Amino acid sequence: MSDWVSEEGAITPLGAAWVPQARAFNFVLYSKHAMQVTLLLYAADNPVHPVVEWEFDPLKHKSGPLWHGRIPQSQIPSARFYAYRVD
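In short, a report on the structure. (Residues numbered from 1 in each chain as written. Predicted model: local features only at pLDDT ≥ 70, side-chain atom pairs only at ≥ 80, totals over all residues. Heavy atoms only, no water.)

1. A closer look at the packing of aromatic side chains
- For the coordinates displayed, the defined rule picks out seven aromatic pairs.
- Aromatic side chains phenylalanine 56 and tryptophan 67 sit 6.4 Å apart centroid to centroid with 85° between the ring planes, which places their arrangement in the edge-to-face category. Placement of the pair is phenylalanine 56 in the loop between strand S4 (52-55) and strand S5 (62-63) and tryptophan 67 in strand S6 (residues 66-72), with a sequence separation of eleven residues.
- When its relative accessible area of 1% is taken as the criterion, phenylalanine 56 is described as buried. (Phe/Tyr/Trp six-rings, centres within 6.5 Å; stacked < 30°, edge-to-face > 60°. Helix = DSSP H or I, 4+ residues; strand = E, 2+ residues; numbered from the N terminus. Buried < 20%, exposed > 50% of the residue type's maximum accessible area, 1.4 Å probe, protein only.)

2. Observations regarding the environment of isoleucine 76
- Relative to the elements of secondary structure, isoleucine 76 occurs in the loop between S6 and strand S7 (79-86).
- For isoleucine 76, a relative accessible area of 6% puts it in the buried group.
- The spacing of isoleucine 76 and alanine 43 is 33 residues in sequence and 9.4 Å in space, taken between C-alpha atoms.
- Look past the residues within four positions of isoleucine 76 in its chain and what remains in contact with it is Phe25, Leu41, Val52 and Ile71. (Contact = heavy atoms within 4.5 Å.)

3. With respect to the pattern of salt bridges
- Here the structure, examined in full by the defined rule, presents one salt bridge.
- Of the charged contacts in the structure, one is a salt bridge between glutamate 53 and arginine 85, with a shortest N-O distance of 3.3 Å. Of this pair, glutamate 53 sits in strand S4 while arginine 85 is found in strand S7, placing the two residues 32 residues apart along the sequence.
- Owing to a relative accessible area of 36%, arginine 85 belongs among the partly exposed residues under this scheme. (Salt bridge = Lys/Arg side-chain N within 4 Å of Asp/Glu carboxyl O.)

Here is the structure:
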């Protein structure tokens, strides 16, 4: 696994994917017109208020219309659900 993929995330598959060898989740969103994307992560006991808001950096986490990022499980232990805020 390259350093770039481990830090910036892979561009496939779309959605959320568990990466067992990295013990991390890879997130990929297709958006042709997005200017900014924020990943919202929610705990099972509070699906209203996110426990983590993670902003994709367009210089590091965007390849064409794909927004991608990898987050280690250790940084989001209580997260069970996700959504995106797209501007």
